[in-house]
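Residue strings, one per chain:
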Amino acid sequence: MSKPDLITIPAGRGKAARIEAGRHVRVINTFGTQCVDTWAFIDGHMDEPLSMEHCREVHQRICFAVGDELVSNHYQPMFTIMADTSPGNQDSIVAACSEATYTRVGYPAGHGNCCDNLRAALAELDIASVFTPSPWNLFMRALVIDGLHIEYQRPTCQPGDYVELRVEADCIVAFSACPDDVWPTNGGDGTPVDAHFAIIGGAP
Ligand SMILES: [Zn+2]
């Protein structure tokens, strides 16, 4: 089988794609340090996103594992986690960063952010975003350290670690290589880098 084409999620920017049910999408932490905010919407229903809140309820956990089915806000299956070569514990609880995330802590207006990246990535597909759902923050470590408190930690991925999902419903997926250069979540050196994804398998 030929190697799947890699689609770049540019450093600090977003990228979206339509993916049919039955295909797989592999999200790759190319350099090992990049957090990738991930969203999905049922194709044609931008008001039905992948819902972290509902996934947490279904699985009674805040992090998901290989074999878990991830659902929409109407409990429609959207992904099954097929593989995860990273240390796991992908964050499901921290909001996507917005311009206000950065101005709130003293940075000037205009900082790149994941909410704007989602809007821009969807606009490339001529899709107007309705709102920013809670993202699934792949490769981000925001661990609950004592049952109550969140602690941001540097990623512990190796270059090339990936999460592979089987797509269970025709959907729009969107990714943001988070532009965060304030907190240690992107490797701690203030440098967002490219990540990649690949769409694997023919449409059924
Ligand atoms: Zn972000």
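Preceding this section is the structure that the text describes.
Remember, it's a predicted structure, so these values are computed and weren't measured experimentally.

## Brief notes about the overall build of the protein chain
For step 1, the next point in the chain: Scanning the protein chain from terminus to terminus reveals 3 helices and 13 strands.
For step 2, the next point in the chain: With respect to the three principal axes, the spread of C-alpha positions in the protein chain is 50 × 40 × 35 Å.
For step 3, the next point in the chain: With the model as given, the accessible surface of the protein chain reaches about 9,300 Å², and the carbon-plus-sulfur share is 51%.
For step 4, the next point in the chain: In the protein chain, which carries 13 positive and 26 negative side-chain charges, the distance between the mean positions of the two groups comes to 3 Å.

## Some points on the coordination of the zinc ion
For step 1, the next point in the chain: Within the first shell, the zinc ion binds the protein through Cys97 (SG), Cys114 (SG) and Cys178 (SG), at distances of 2.2 to 2.3 Å.
For step 2, the next point in the chain: Spacing between the donor residues of the zinc ion along the chain follows C-x16-C-x63-C. Of the two residues, Cys97 is situated in the loop between β7 (77-84) and α2 (99-103) and Cys178 in the loop between β12 (171-177) and β13 (195-200); the sequence distance between them amounts to 81 residues.
For step 3, the next point in the chain: Cys97 sits in the buried class, given a relative accessible area of 9%.

## Focus: the packing of aromatic side chains
For step 1, the next point in the chain: Evaluation of the coordinates by the stated rule reveals 3 aromatic pairs.
For step 2, the next point in the chain: Summarising the aromatic geometry, the rings of Phe64 and Trp136 are spaced 6.4 Å apart at their centres and angled 55° between planes, so their arrangement reads as tilted. Of the two residues, Phe64 is situated in the loop between α1 (52-59) and β6 (69-71) and Trp136 in strand β8 (residues 136-138); the sequence distance between them amounts to 72 residues. Assigned by exposure class, Phe64 and Trp136 land together as buried.

## Let's talk about the environment of Pro10
For step 1, the next point in the chain: On the secondary structure map, Pro10 appears in the loop between β1 (6-9) and β2 (14-19).
For step 2, the next point in the chain: Judged by its relative accessible area of 31%, Pro10 falls in the partly exposed class.
For step 3, the next point in the chain: Those residues in contact with Pro10, other than ones at most four positions away along the chain, are Ala177 and Asp194.

## Comments concerning α1
For step 1, the next point in the chain: Of all the residues in α1, the buried ones are Met52, His54, Cys55 and His59. Down the axis of α1, the buried side of the element spans an arc of 160°, and every buried residue falls inside it.
For step 2, the next point in the chain: Gln60 sits one or two residues past α1 and shows a positive phi near 55°.

## Let's talk about the sheet that holds strand β11 (residues 161-167)
For step 1, the next point in the chain: The strand order across the open sheet formed by 6 strands is β1-β13-β3-β11-β7-β6, and the pairing between neighbours is antiparallel. Each having just a single partner strand, β1 and β6 make up the two edges of the open sheet. Between one strand axis and the next, the sheet turns by 30° as a mean value, whatever way the strands run.
For step 2, the next point in the chain: Direction of pairing for strand β3 (residues 24-29) relative to β13: antiparallel, over a ladder of 5 bridges. Note on β13: the bridge partner recorded for Val27 is Phe197.

## Focus on the layout of surface pockets
For step 1, the next point in the chain: Counted as a void, the largest pocket has a volume near 210 Å³.
For step 2, the next point in the chain: Lining the largest pocket are 15 residues, and of these Val94, Ala95, Cys97, Met140 and Tyr152 sit closest to its centre.
For step 3, the next point in the chain: Across the lining of the largest pocket, the residue classes break down as 10 nonpolar, 3 polar and 2 charged.

## Comments concerning the pairing of strand β9 (residues 141-144)
For step 1, the next point in the chain: Relative to strand β10 (residues 150-153), β9 runs antiparallel, the two sharing 4 bridges. Within the sheet, the bridge partner assigned to Leu143 lies in β10 and is Glu151.

What counts, and at which threshold
Residues numbered from 1 in each chain as written. Predicted model: local features only at pLDDT ≥ 70, side-chain atom pairs only at ≥ 80, totals over all residues. Heavy atoms only, no water. Helix = DSSP H or I, 4+ residues; strand = E, 2+ residues; numbered from the N terminus. Areas by Shrake-Rupley, 256 points an atom, 1.4 Å probe, with all protein chains shown as cover. Lys, Arg positive; Asp, Glu negative; His and termini not counted. Charge placed at Lys NZ, Arg CZ, Asp CG, Glu CD. Donors = N, O, S within 2.8 Å, 3.2 Å for Na, K, Ca; no water. Buried < 20%, exposed > 50% of the residue type's maximum accessible area, 1.4 Å probe, protein only. Phe/Tyr/Trp six-rings, centres within 6.5 Å; stacked < 30°, edge-to-face > 60°. Contact = heavy atoms within 4.5 Å. Arc of directions from axis to C-beta. Pairing = 2+ DSSP bridges. Axes fitted to C-alpha atoms, helices over the stretch in contact; angles between N-to-C directions. 1 Å grid on protein atoms, 1.4 Å probe; cavity = no way out; pocket = protein on both sides within 12 Å on 5 of 7 lines; lining within 4 Å. Points joined across faces, edges and corners; volume = space filled by probe spheres on them. Nonpolar A, V, L, I, M, F, W, Y, C, P; charged D, E, K, R; others polar.

On their own, these measurements won't tell you what the molecule is for.
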